[in-house]
Amino acid sequence: MLVFLDFDGVLHPHPCTDADHFCWMDNLENVLFQFPNMEIVISSSWREHYSLNSLKNLFSSSIRNKISDTTPVIYDKSYSDGDREAEILLWLKQHNRPHEHWIAIDDSLNLFNLYVNHVFECDPMIGLDGPNTQNLIQFMRHHEMREQITQIAQSTMAGLTL
């Protein structure tokens, strides 16, 4: 499973004090440990200010190893409707993975247009608190099943065309 991850409003409330940054990191990591076949791409605006290695170092080593990249920055001003989705779609295209199933964990549903059903939305004033972690697990399991069904269907179709 491919996971595009935002920070502000997910890993901590937005806005918050510096002391509260990443207060929900353990919650996120506890969820991600349950999905060993996932890959993380950072879509947070933090990628505009910090290197990929600096961002990886915010995570535990087991999660750090699953972070592969950041999405491209295609907007040099504040985000507007659909912008995060456009950056994700561009990343998928640049990596020759346009049909791969993906989810986003984000606090701004308005940054998505066509793929809102791929987004697990956190309340930006709260972030990924305890109750939200259970909802995220259910969301990811649902999308993991959809991905498996798609793979089975594709392999069945490939077998029929031989």
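Further up the page is the structure itself.
Fair warning: this is a prediction, and the values are worked out from it, not measured in the lab. (Residues numbered from 1 in each chain as written. Predicted model: local features only at pLDDT ≥ 70, side-chain atom pairs only at ≥ 80, totals over all residues. Heavy atoms only, no water.)

Helix and strand content of the protein: 5 helices and 5 strands. Start at the N end of the protein and walk to the C end: the helices and strands fall as β-α-β-α-α-β-α-β-β-α. Over its C-alpha atoms the protein spans a radius of gyration of 16 Å, differing by no more than 12% from the 15 Å that the globule rule assigns to 162 residues. Expressed as lengths along the three principal axes of its C-alpha atoms, the size of the protein is roughly 60 × 35 × 30 Å. Residue burial in the protein is summarised as follows: out of 162 residues, 44% are buried. Contacts in the protein between residues far apart in sequence, at least 24 positions, make up 66% of those at least 6 positions apart. Entry remark: accessible area of the protein is about 8700 Å², with carbon and sulfur atoms responsible for 52%. (Helix = DSSP H or I, 4+ residues; strand = E, 2+ residues; numbered from the N terminus. Rg over C-alpha atoms; globule rule 2.2 N^0.38 Å. Buried < 20%, exposed > 50% of the residue type's maximum accessible area, 1.4 Å probe, protein only. Contact = heavy atoms within 4.5 Å. Areas by Shrake-Rupley, 256 points an atom, 1.4 Å probe, with all protein chains shown as cover.)

What follows concerns the sheet that holds strand 1 (residues 2–5). A sheet is described by the order of its strands in space; here 5 strands give the open sequence 3-2-1-4-5, paired in parallel fashion. Strands with a single pairing partner mark the edges of an open sheet, and in this sheet they are strand 3 (67–70) and strand 5 (119–121). Each adjacent strand pair in this sheet contributes to an overall mean axis angle of 25 degrees, direction not counted. In this structure, strand 1 lies alongside strand 4 (residues 102–106), joined through 4 bridges in parallel fashion. What sits directly across from L2, in strand 4, is W102. In this fold helix 4 (residues 83–94) packs onto strand 1, strand 2 (39–42), strand 3 and strand 4, with an angle of close to 140 degrees to the strand it touches most, strand 1. (Pairing = 2+ DSSP bridges. Axes fitted to C-alpha atoms, helices over the stretch in contact; angles between N-to-C directions.)

Moving on to the nonpolar core. The nonpolar side chains of soluble globular proteins are, as a tendency, buried together. With 29 residues, the main nonpolar core has F7, L28, F59, I105, L136 and M140 as its most contacted residues. Counting residues per element, the ones that place at least two in this core are strand 1, helix 1 (25–32), strand 2, strand 4 and helix 5 (130–161). By size, the runner-up hydrophobic cluster in this structure holds 11 residues, among which are I88, L111, F112 and V119. (Core = buried A, V, L, I, M, F, W, Y, C linked by side-chain atoms within 4.5 Å.)

Quick look at the side chain of E147 now. Here E147 lies in helix 5. With no salt bridge to any partner, buried E147 finds its closest opposite charge in R97, at an N-O distance of 7.7 Å. Filtering out sequence-adjacent residues up to four positions away, E147 remains in contact with M1 and H101. (Lys, Arg positive; Asp, Glu negative; His and termini not counted. Salt bridge = Lys/Arg side-chain N within 4 Å of Asp/Glu carboxyl O.)

For the structure shown, the criterion picks out 9 aromatic pairs. Aromatic side chains F22 and W46 sit 5.0 Å apart centroid to centroid with 75 degrees between the ring planes, which places their arrangement in the edge-to-face category. On the criterion of sequence distance, the pair formed by F22 in the loop between strand 1 and helix 1 and W46 in the loop between strand 2 and helix 2 (52–56) is long-range, its members being 24 residues apart. When its relative accessible area of 17% is taken as the criterion, F22 is described as buried. (Phe/Tyr/Trp six-rings, centres within 6.5 Å; stacked < 30°, edge-to-face > 60°.)

Our next topic: the pattern of salt bridges. Any two side chains of opposite charge can pair if their charged atoms end up close together. Under the criterion given, the structure shown has 6 salt bridges. The partner of E39 in a salt bridge is R97, with the nearest N and O atoms 2.7 Å apart. In this pair, E39 is assigned in strand 2 and R97 in the loop between helix 4 and strand 4, connecting sequence segments 58 residues apart. Across the pair R47 and E87 runs a salt bridge, and its minimum N-O distance is 2.7 Å.

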